[in-house]
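The lines below spell out each chain.
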Amino acid sequence: MKKAFIIVFMASAVAFAGYSISYRCATAPAESMLTKPGGEMEWLKCEYHLSDAQFARIQQLHRDYAPTCDLMCEKIAKANDKLDQLVSTNTKVTPEVAAAMKECLTAQAECREAMLGHVYAVSAEMSPQDGVRYLQMM
Amino acid sequence: MNDSDSNDLSTKLRAWTVDPRVPTSFQREVWQRIAQRQAVRDEAFWPRVMEWFSTQLIRPRYAVALVALSLSISVGAGLLHAQDANARHWKELETRYASSIDPLEMGR
């Protein structure tokens, strides 16, 4: 009876180890991407089957786009702040409020245009099928 | 055997009647006995299973089979569970990528 219990215990231990190891091995790549800074770029490489050359070009596009993106972000934030201030200090839609709203919309449109340009440029670097999938995702 | 003997026997056989007397508690006792035996059998079931288990399991091929079965089931369960976790992580990375190139998201 004792031997049988030892065997059952061993089987349970093996089962526990098997579960833990298989789970860790299978989730390790995604976990590492999540914890690493810039893991989203690695994700892009995996998800869209990018070769090293394609990935290098897309990374370059990403680096070139980053300052534009930051600038747009700043512009949108400024326009939003200005509009918020004007909205809270006014009791009706003054020409200044209307201008601030237009400024917000313009900043957003510029931002969308820049982003769309970047998205098209990135998709052009991918294989046709993956490019279409990337555009659908974005 | 002569004729008179044969006639006697025939007469006796004709006169013989069977009058079985079943005790009134017969049926109840039968059911009691059935229940007792069932109880004894039930009580012996688990010890018998355990005994069978312990005698069979110490055989190397059964022990190896049990360990192999546990391992395959646990690895399968681990991989299945990992699929769900990976799908969640993948979605999170997708959102992170989309946010990284979207100034509207970054401005929020």
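Scroll up a little and you will see the structure.
An account of the accompanying structure is given in this report. (Residues numbered from 1 in each chain as written. Chains lettered and ligands numbered in written order. Predicted model: local features only at pLDDT ≥ 70, side-chain atom pairs only at ≥ 80, totals over all residues. Heavy atoms only, no water.)

Turning to the side chain of S123 of chain A, a few remarks are in order. Residues and elements named next belong to chain A. Mapped onto the elements, S123 comes out in helix α4 (residues 95-125). At 3.0 Å, the side chain of S123 and the backbone oxygen of Y120 are in polar contact. Here S123 is in contact with G131, Y134 and L135, once residues within four sequence places are set aside. (Helix = DSSP H or I, 4+ residues; strand = E, 2+ residues; numbered from the N terminus. Polar contact = N/O pair within 3.5 Å; in protein donor to acceptor, adjacent residues only side chain to side chain. Contact = heavy atoms within 4.5 Å.)

A word on the packing of helix α3 (residues 52-89) of chain A against α4 of chain A. All names here are of chain A. The N-to-C vectors of α3 and α4 enclose an angle of 170°; their axes lie 9 Å apart at closest approach. As the angle between them shows, α3 and α4 are arranged roughly antiparallel. Class assignment for the residues of the contact of α3 with α4 results in 19 nonpolar, six polar and seven charged. (Axes fitted to C-alpha atoms, helices over the stretch in contact; angles between N-to-C directions. Parallel < 35°, antiparallel > 145°, perpendicular 65-115°, else oblique. Nonpolar A, V, L, I, M, F, W, Y, C, P; charged D, E, K, R; others polar.)

Quick look at a positive patch on the surface now. Residue and element names in this part refer to chain B. Judged by side-chain charge, R33, R37, R41 and R48 come together as a positively charged surface patch. In this structure, R37 sits in helix α2 (residues 26-57). Overall, R37 belongs to the exposed group, its relative accessible area being 57%. (Patch = residues over 30% accessible without salt bridge, like charges linked within 9 Å, V, L, I, M, F, W, Y side chains within 5 Å. Areas by Shrake-Rupley, 256 points an atom, 1.4 Å probe, with all protein chains shown as cover. Salt bridge = Lys/Arg side-chain N within 4 Å of Asp/Glu carboxyl O. Lys, Arg positive; Asp, Glu negative; His and termini not counted. Charge placed at Lys NZ, Arg CZ, Asp CG, Glu CD. Buried < 20%, exposed > 50% of the residue type's maximum accessible area, 1.4 Å probe, protein only.)

Here we come to the packing of α4 of chain A against helix α5 (residues 128-137) of chain A. Residues and elements named next belong to chain A. Between α4 and α5, the shortest axis-to-axis distance is 7 Å and the interhelical angle comes to 155°. Judged by the angle between their axes, α4 and α5 are roughly antiparallel. Between α4 and α5 the crossing geometry is right-handed. When α4 is examined against α5, the residues V119, Y120, V122 and S123 are found in contact with a partner set consisting of G131, Y134 and L135. Along the lines of polarity and charge, the residues of the contact of α4 with α5 split into five nonpolar, two polar and no charged. (Left-handed = near helix turned anticlockwise from the far one by under 90°.)

On their own, these measurements won't tell you what the molecule is for.
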